[in-house]
Structure formats: structure tokens, C-alpha cells
Amino acid sequence: MSEDIYQALSRTALLLERDIFATADHRPIVDGLRATTARIIANRANTDSVAGQTALVTLYAQLAMMGLQVDLDIPTIDLVLGQPPLRGDDLEAALVDFSEDLPPGGSSRPAAVPDITFALGDTPALPTSVRVSGTAWQASVAQVGQAGAWRGTMPVGAMAAGAAAAADGLRVALPRIAERLERPTPVEAAFVLDPSRQVSVDLSDFSVSGPVRLGEVDVISGGAITNAALYALRRIPDVSARMRVLEPDALDLTNLNRYPVARRSQVGMLKAELLQTLSAEGFQVTGLPVRFDETTLPFIGALAPRVLVGVDHIPSRWCVQVAAYDRWVCVGASSHFYVLVSAHPIGRPCAGCVHPRDDSTLGNIPTISFVSFWAGLIQALEVLREVAGTPKAVTTSTNVWPLGLDGRRGIQAVTQSAVAECPTQCRASRARRRQIVGV
Ligand SMILES: [Zn+2]
């Protein structure tokens, strides 16, 4: 295999090394992922709607970014709506073309016998298939029970279902990796494919209906979480926005394991420029290739009324929160297999209260596709709810553990509280804040 594939999957290998296998040898980890085949089957009734196509594209992309081989068994059908970054009209051809342009070596070299089969909606399938189904705002992933067909144009349940199912793609790859490392297969329940596992995710707390005008939104970082948030917002019907993305870096090969709107042929391109290509009628994305810090603030100018923060570096989150003390701020964060998304209305506990300590680690950050995706998806839903949904009675953050979605710890609301040691001093008087942090 080309050396590039080890580079492209290095962050995923790092996560599996740190959290599961405790080995510094990444090659067998990557080889195991590449030797795993997932098949996705879907009939016409489950692929002729926006929701069905979004579930398929999301699951396919999440598996391909993980490095798995993906085998498609779907009818010949055209894309109903644009699914960036796919190109062309024919759904299957567009997916294969995308995967050839994602991990070096592509994802379409499946084994004759797949390690796992996903069946979309109520597509007829063997009972051992994992059903990926849902509705506008709900997602279900299970081998057992009834599943309905994918229908309609609201794709939030579909994106959640694709991301939730991708965890099973990882679970079937783990024995392949263990065998190459000559180590025992992980036995912890979260890491084992369990035929009785039933994932059901209800995101209707975030539901909106009718056109949503987000207006001006600033986005700090054009990284994985922003990629996922824009992937989601761009797919939700009737969302208009003028988004400005601040990101100085260019797309790197090591980003391809988790950036759902990027393609390998765009490596080297400024991320600010890449994300601009998501612009569509009524949905404008402007990229600004600058880093957000105290020195660039004069150039950046006044922040938009709503600010999405996807930056990994914790002191940078504080810096944004300080500058945006009179704005609505939402921070999407992930660490290893966990996600924490927190929205901060003006005057409530701030991003510094939720992330009071700098535990940013030096060096490469371990990541995997579906974890980053959940962070961006929830962040997208938070801004929708803020503008057009039902406000929450108390300010809560959302914790997501994508490997535990079948249990109570899968998606949890956590009450935010102001902390005395808040690095932005959000509870201090204006005069005191001016003294300490300069706002
Ligand atoms: Zn605070």
C-alpha cells in the first residue's frame, strides 16, 4: 500500500492505539481497517428521498473516512438534491468517485464476504444485517425490531443514523486489527458488535419547521467540527445563512480521516477556500484565511451575532468567548471517543465555565470520523434551535458518547454552571473584566 494511506489514517490509528490497543505500531491498525469490508444495501423506496440519500451518503462517507472498504448494493438512481462533496448525478457513481478521491487507494475494494451489512430503512435483507432507519428527527440502528422506509426531505435523523451506524463499522474492524497485532480482540461492550444492541436517538428537542434564517454567523476554525456542522446545515432544507469561516491552514492529508466535505484532490488548498465551495443559493460561505487571536481581531472586525467555535485549542476558545461576550456562542469539542457541545447565550455561564482548564495536548490529536461528526451535527442543531426552535428552560450542554448510544450515557444533557475560576471572568464586573481580560 502507498505510504500516504498510513499518513491519511494516522489520527484514527493514534486513537485506536491510545484507547484500545496500547501499541505504537500503527501499520497493523491501518492494515486492519483497510481489510474490513462494509456492505450497504438499499432498495429504491429507501433511496428516492432526500432523507434516504442523506442516510446513505453519511454512512458511506463515515465508513470511507475510517479507511474501510465499502461495497454498495443499491439501484441506479439520481441524486434528488446536491450532497456536497459528491459530484455528478448518479448516486452510486458519485459515491464511488468520492471514495476514490478520499483515502489513498480508495474504498471500493471490497471482500466477497462483507464483515458487516447495513440495510437502509426497510430494504429486504438478511436478519443479520444492521438496519439503519429513522425519521426526520429520529435515528435507529439495530439488528432487531421493525424499521420503516426512509421518506421526506428533513435529513437530521438520517445524518444521525449514518453517524450512529458507523460505530459498528469500527467494531467489526477491531478483530481484523487485533489479528494483525497478534493481540486479543477487545471485549469491552462498547467495542463489540452486539446483535441485541438497539440504538435509538431522538433529536426532536432541536426540531424546527419552515424556513430558518440564520443571518450572519461567524465560525472560528475550519477544522473537522466545522466541516461536519456545515455538512449538516447545508443539507437541512430552507436554511439561509451568511457564514464567515476563519481558518488560516490548508487541507492536509491527515485531515481526510474526519473532514466530511473534503476530498483528497483538495489537499494543499486553503480550508477557508475549500469551505467556500459549499455556498449555494441563500447559503453563503465566505472563508477568511486568518487565525483568530488578539492580534488579528482588528482585521476581523465586529463579530456576527452568533459565533460557532470548533477550535481544539482551549485557550483559543476563551479568547473567542472574551471577544464575543455580547454574542451567542456555541463551542463544539471532541476528545477521544467523547463529544461536548455547549451553547452560551449572553449573560449565561460561558465557554470558559464549561472548559475552565487548558488540557490541550501538544502534538497530534487522536480522532475518528464519527466522533467529530457528532460534534458538528449537534453544533449545527444548536444554532438552528437558537434561531428558530423552542428555547431550553435551563442552559445545558450536550455530551455525546457515540459508542454508547444504546444506553443512557449516549446523549446526555449536562447543566452548565458558572465557575469561580472561569478564565474569562464572565461573572466579574465589566470594570474588573476590563482589567483582567481586556473587554
Ligand atoms: Zn465563564
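A.B. asks: What exactly am I supposed to notice about the overall build of the protein chain here?
C.D. replies: Secondary structure summary: the protein chain contains 13 helices and 14 strands in total. For 439 residues, the compact-globule estimate of 2.2 N^0.38 gives 22 Å, and the protein chain sits close to it at 21 Å. Seen through its principal axes, the protein chain has C-alpha atoms that stretch 70 × 50 × 40 Å. The proportion of buried residues among the 439 residues of the protein chain is 57%. Restricting to contacts in the protein chain with at least 6 residues of sequence separation, those with at least 24 account for 70%. Distance between charge centres in the protein chain, computed from 39 positive and 43 negative side chains, equals 6 Å.

A.B. asks: Help me understand unusual backbone geometry, please; the structure alone is not making it clear to me.
C.D. replies: The general pattern is negative phi for most residues beyond glycine and trans for most peptide bonds. Cis geometry marks the peptide bond from Pro 84 to Pro 85; its omega dihedral reads 15°. One non-glycine residue, Ala 22, lies in the positive phi region at around 50°. You can see Ala 22 is positioned in the loop between helix H2 (10-21) and helix H3 (26-34). Taking the relative accessible area as the measure of exposure, Ala 22 reaches 63% and is therefore exposed.

A.B. asks: Could you clarify how one ought to interpret the domain arrangement of the protein chain in this entry?
C.D. replies: Many analyses report the size of an interface as the accessible area lost when the parts associate. Each assigned domain of the protein chain is listed with its residue range as follows: domain 1 (3-202) and domain 2 (206-436). Inter-centroid distance (C-alpha atoms) of domain 1 to domain 2 is 25 Å. Facing 52 residues of domain 1, the contacting portion of domain 2 comprises 42 residues. Buried area between domain 1 and domain 2, both sides added, is near 4,200 Å², and the carbon and sulfur share of it is 63%. There are three salt bridges connecting domain 1 and domain 2. Those elements that place two or more of their residues in the side of domain 1 that touches domain 2 are helix H1 (3-8), H2, helix H4 (50-65), helix H5 (91-100), helix H6 (156-181) and strand S6 (198-202). Its residues assigned to classes, the side of domain 1 that touches domain 2 shows 31 nonpolar, eleven polar and ten charged.

A.B. asks: It is not clear to me how the packing of H6 against helix H12 (residues 369-388) should be interpreted in this structure. Could you clarify?
C.D. replies: To describe two helices that pack against each other, one gives the angle between their axes and the distance between the axes. As a packed pair, H6 and H12 sit with axes 10 Å apart at the nearest point and diverge in direction by 165°. Between H6 and H12, the angle falls in the class roughly antiparallel. Between H6 and H12 lies a crossing of left-handed hand. Across the interface between the two elements, Val 156, Met 159, Ala 160, Ala 163, Ala 164, Ala 166, Ala 167 and Leu 170 of H6 pack against Phe 370, Phe 373, Trp 374, Leu 377 and Leu 381 of H12. Here the residues of the contact of H6 with H12 are counted per class, giving 13 nonpolar, no polar and no charged.

A.B. asks: I keep staring at the sheet that holds strand S5 (residues 138-142) and nothing clicks. Help me out?
C.D. replies: Each strand in a sheet pairs with its neighbour through backbone hydrogen bonds, running either in the same direction (parallel) or in the opposite one (antiparallel). One open sheet holds the six strands; their spatial order is S2-S1-S3-S4-S5-S6, and the pairing between them is mixed. Both edges of this open sheet fall to strand S2 (69-73) and S6, since each of them pairs with a single strand only. The mean angle between the axes of side-by-side strands here comes to 15°, regardless of whether they run parallel or antiparallel. Two strands pair when backbone bridges link them, and strand S1 (residues 37-41) and S2 are joined in this way by five bridges, in the parallel orientation. Bridge assignment links Ile 40 to a residue of S2, and that residue is Leu 72.

A.B. asks: In this structure, what is going on with the coordination of the zinc ion? I would like to understand it.
C.D. replies: Each donor-metal-donor angle in an ideal tetrahedron of four donors is 109.5 degrees, and each such angle in an ideal octahedron of six donors is either 90 or 180 degrees. Ligation of the zinc ion by protein atoms is provided by Cys 350 (SG), Cys 353 (SG), Cys 422 (SG) and Cys 426 (SG), these donors lying 2.2 to 2.3 Å from the ion. For the zinc ion, the four donor atoms in the first shell make angles of 97 to 126° at the metal, so the coordination geometry reads as tetrahedral.

A.B. asks: What is the right way to look at the packing of aromatic side chains in this model?
C.D. replies: Two descriptors summarise a pair of aromatic rings, namely the distance from one centre to the other and the angle between the planes of the rings. According to the stated counting rule, one finds three aromatic pairs in the structure shown. A centroid spacing of 5.3 Å and a plane angle of 85° characterise the contact between Tyr 231 and Phe 373, whose relative ring orientation is edge-to-face. Of this pair, Tyr 231 sits in helix H7 (residues 224-235) while Phe 373 is found in helix H12, placing the two residues 142 residues apart along the sequence. Phe 373 carries the same exposure label as Tyr 231, and that label is buried. Across from the ring centre of Tyr 231, 3.5 Å away, lies the NZ or CZ of Arg 235, which sits over that ring.

About the thresholds
Residues numbered from 1 in each chain as written. Predicted model: local features only at pLDDT ≥ 70, side-chain atom pairs only at ≥ 80, totals over all residues. Heavy atoms only, no water. Helix = DSSP H or I, 4+ residues; strand = E, 2+ residues; numbered from the N terminus. Rg over C-alpha atoms; globule rule 2.2 N^0.38 Å. Buried < 20%, exposed > 50% of the residue type's maximum accessible area, 1.4 Å probe, protein only. Contact = heavy atoms within 4.5 Å. Lys, Arg positive; Asp, Glu negative; His and termini not counted. Charge placed at Lys NZ, Arg CZ, Asp CG, Glu CD. Domains from an automatic or database assignment. Buried area = accessible area lost by both parts, 1.4 Å probe. Salt bridge = Lys/Arg side-chain N within 4 Å of Asp/Glu carboxyl O. Nonpolar A, V, L, I, M, F, W, Y, C, P; charged D, E, K, R; others polar. Axes fitted to C-alpha atoms, helices over the stretch in contact; angles between N-to-C directions. Parallel < 35°, antiparallel > 145°, perpendicular 65-115°, else oblique. Left-handed = near helix turned anticlockwise from the far one by under 90°. Pairing = 2+ DSSP bridges. Donors = N, O, S within 2.8 Å, 3.2 Å for Na, K, Ca; no water. Tetrahedral: all angles 85-135°; square planar, octahedral: opposite > 155°, others 65-115°. Phe/Tyr/Trp six-rings, centres within 6.5 Å; stacked < 30°, edge-to-face > 60°. Lys NZ or Arg CZ within 6 Å of the ring centre and 35° of its normal.

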